[in-house]
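Working through the structure, step by step
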Amino acid sequence: RIIVPFGPGGPTDVMARTVANGLTSALGQPVLVENRPGAGGNVGVVAAARSAPDGYTLLVSSSGFVVNTSLGYDALRDFAPIMELGASPNTFLATNASSIRSVQDLVAKARGMPDGMHSANPGTGSTPHLTSELLRIRTGVSFIQVAHNSAPAAVQAVVSGTTEIGVTALASAHAQIKGGLLRSLALTGTGRWFDLPDVPTMAEIGFADFVSETFQGFFAPAGTPQAIMDRLAQEGRQVMAQPETQARLRAAGFAIPADPVAALRQRVAREVPMWRDVIERAGIEKQ
């Protein structure tokens, strides 16, 4: 079984089911996805951490894995990274009907709202939430964070006008952006996205070192035998290397790294301290 610490339908669930379907064929036995949402993903992650390290219980989790690492588990001690499945830059969102047409517009309008601008995110402690907190730190504007229990719910809040802006992974809002319901104000990746050539990165509009991605990682409990880890990585690579898989995920807003095994190890080591620093600077209290 692959535990997904979020409800069905979101990017993590979609990614896990892609891997599960491929592994079912490769391993010759059913690989089931078990959704275990709650506490910003911690319920499912802790359940996986406490599972036997025998290769039969695995985890696919998004970036909340490296953000919430002190809440019931240790990302570096309790898990063995198998491979990165994909990463999506985060994006600041507004409706196409909004007067907010850029991050500069967003900041200017927020400055005139001393009580704060309502901003939707897919959950407290998610990298989209922390991305808006990072903008607050860098500009001094205020946001009233409206946390949802999934990325689709946060996207819908912006589409419906419940909140004026939102921050989600590009993968969560890509269809609505391409369909004309939402405007991507800027992306927090290292470069522009291939089918959104007019959307700038934060660096391009003057925010240096403003890189924030929502990644999807494939993990096993620490202590899982290396032979099992190697087999899962080998079969996982083949699943993710299929042209139709690559095309589908890229069109949905995910980039797949060239070396997914090394990419996940490096990302976890880099982002655990990075997000801890943002949380401390933003004054966010652990729940």
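Preceding this paragraph is the structure being described.
All of the points below concern the structure found in this document. In this text the structure is predicted, and so the values were computed from the model without any measurement.

What counts, and at which threshold
- Residues numbered from 1 in each chain as written.
- Predicted model: local features only at pLDDT ≥ 70, side-chain atom pairs only at ≥ 80, totals over all residues.
- Heavy atoms only, no water.
- Helix = DSSP H or I, 4+ residues; strand = E, 2+ residues; numbered from the N terminus.
- Rg over C-alpha atoms; globule rule 2.2 N^0.38 Å.
- Buried < 20%, exposed > 50% of the residue type's maximum accessible area, 1.4 Å probe, protein only.
- Areas by Shrake-Rupley, 256 points an atom, 1.4 Å probe, with all protein chains shown as cover.
- Lys, Arg positive; Asp, Glu negative; His and termini not counted.
- Charge placed at Lys NZ, Arg CZ, Asp CG, Glu CD.
- Salt bridge = Lys/Arg side-chain N within 4 Å of Asp/Glu carboxyl O.
- Expected span 1.5 Å × (residues − 1).
- Bend = angle between axes of the 7 residues up to and from the residue.
- Core = buried A, V, L, I, M, F, W, Y, C linked by side-chain atoms within 4.5 Å.
- Contact = heavy atoms within 4.5 Å.
- Polar contact = N/O pair within 3.5 Å; in protein donor to acceptor, adjacent residues only side chain to side chain.
- Pairing = 2+ DSSP bridges.
- Axes fitted to C-alpha atoms, helices over the stretch in contact; angles between N-to-C directions.
- Parallel < 35°, antiparallel > 145°, perpendicular 65-115°, else oblique.
- Left-handed = near helix turned anticlockwise from the far one by under 90°.

Okay, the overall build of the protein chain next. Within the protein chain, the secondary structure is distributed over ten helices and nine strands. Relative to a compact globule of 287 residues, whose C-alpha radius of gyration would be 19 Å, the protein chain shows 18 Å and is just as compact. The C-alpha extent of the protein chain, read off along each of the three principal axes, is 55 × 40 × 30 Å. Relative to its full complement of 287 residues, the protein chain shows a buried share of 54%. Accessible surface for the protein chain amounts to roughly 12,000 Å². Of this, 52% is attributable to carbon and sulfur atoms. Looking at charge distribution, the protein chain has the averaged site of its 23 positive side-chain charges lying 1 Å from that of its 23 negative ones.

With that settled, the discussion passes to the pattern of salt bridges. The tally for this structure, following the rule as stated, stands at 14 salt bridges. Salt-bridge contacts for Arg-192 lead to Glu-204; the nearest nitrogen and oxygen are separated by 2.9 Å. Linking Arg-192 in the loop between β8 (182-187) and β9 (213-221) with Glu-204 in the loop between β8 and β9, this pair joins segments that are twelve residues apart in sequence. We note a salt bridge from Glu-271 to Arg-267, for which the minimum N-O separation is 2.8 Å.

Here we take up helix α10 (residues 260-282). When the terminal C-alpha atoms of α10 are compared, their 31 Å separation across 23 residues agrees well with the 33 Å that a helix rising 1.5 Å per residue should span. The largest bend in α10 is about 30°, located at Glu-271, with the proline Pro-273 one to four residues further on. Of all the positions in α10, only Pro-260, Val-261, Ala-263, Leu-264, Arg-267, Val-268, Glu-271, Val-272, Trp-275, Val-278, Ile-279 and Ala-282 are classed as buried. Looking one or two places after α10, you find Gly-283, whose phi comes out positive at around 70°.

Here we take up the nonpolar core. Core analysis: the largest hydrophobic core is formed by 42 residues, its most contacted members being Phe-65, Phe-79, Phe-92, Val-103, Leu-106 and Leu-135. For this core, the element with the highest residue contribution is α10, accounting for six residues. The residues touching Leu-106, leaving out its near neighbours within four places in the chain, are Phe-92, Ile-100, Met-117, Leu-135, Phe-143, Ile-165 and Leu-185. Within the second largest apolar cluster, 26 residues are counted, among which are Val-19, Ala-233, Leu-249 and Phe-254.

When the terminal C-alpha atoms of helix α8 (residues 226-241) are compared, their 22 Å separation across 16 residues agrees well with the 22 Å that a helix rising 1.5 Å per residue should span. Taken as a whole, α8 has its buried residues at Met-229, Leu-232, Ala-233, Glu-235, Gly-236, Val-239 and Met-240. Those residues of α8 that are buried are in contact with α1 (11-27), β3 (58-61), β4 (79-95), β9, α9 (243-252) and α10.

What follows covers the environment of Arg-1. Tracing the chain through its elements places Arg-1 in the segment before β1 (2-4). Take Arg-1: its relative accessible area is 36%, and that puts it in the partly exposed class. When the C-alpha atoms of Arg-1 and Ser-25 are compared, they prove to be 14 Å apart, with 24 residues separating the residues in sequence. Once residues lying within four places of it in the same chain are set aside, the contact partners of Arg-1 are Leu-32, Glu-34, Arg-36, Ser-51, Tyr-56, Thr-57 and Leu-58. Of note is the side chain of Arg-1, whose polar atom sits 2.7 Å from the side chain of Glu-34.

Here we take up the pairing of strand β7 (residues 165-169). In the case of a regular strand, side chains alternate between the two sheet surfaces. Of all five residues that make up β7, five are buried, and the element is covered over most of its length. Bridge count for strand β5 (residues 117-121) against β7 is two bridges, and the pairing is parallel. What sits directly across from Ala-120, in β7, is Gly-166.

Here the focus is unusual backbone geometry. With a phi angle near 55°, Asp-209 is a residue other than glycine that sits in the positive phi range. Here Asp-209 lies in the loop between β8 and β9. Looking at Asp-209, the relative accessible area reads 74%, which means it is exposed.

The subject of this paragraph is the packing of α1 against α8. The contact between α1 and α8 brings their axes to 9 Å, and the two run at 110°. Here α8 runs roughly perpendicular to α1, going by the angle between their axes. Pair α1 / α8 crosses with right-handed handedness. Contacts between α1 and α8 involve Met-15, Thr-18, Val-19, Gly-22, Leu-23, Ala-26 and Leu-27 from the first element and Arg-231, Leu-232, Glu-235, Gly-236, Val-239 and Met-240 from the second.

Counting buried positions along β8 gives six out of six residues, so the element sits mostly inside the fold. Two elements, β4 and β8, share five bridges in a ladder whose sense is antiparallel. Residue Ala-94 lies in a different strand from β8, and its bridge partner there is Arg-183.

A word on the environment of Phe-6. You can see Phe-6 is positioned in the loop between β1 and α1. On the basis of relative accessible area, Phe-6 is assigned to the partly exposed category, the value being 22%. Through-space distance from the C-alpha of Phe-6 to that of Ile-177 is 23 Å; in sequence the pair is 171 residues apart. The residues contacting Phe-6, other than those within four sequence positions of it, are Thr-12, Asn-35, Arg-36, Pro-37, Gly-40, Gly-41, Ser-61 and Ser-62.

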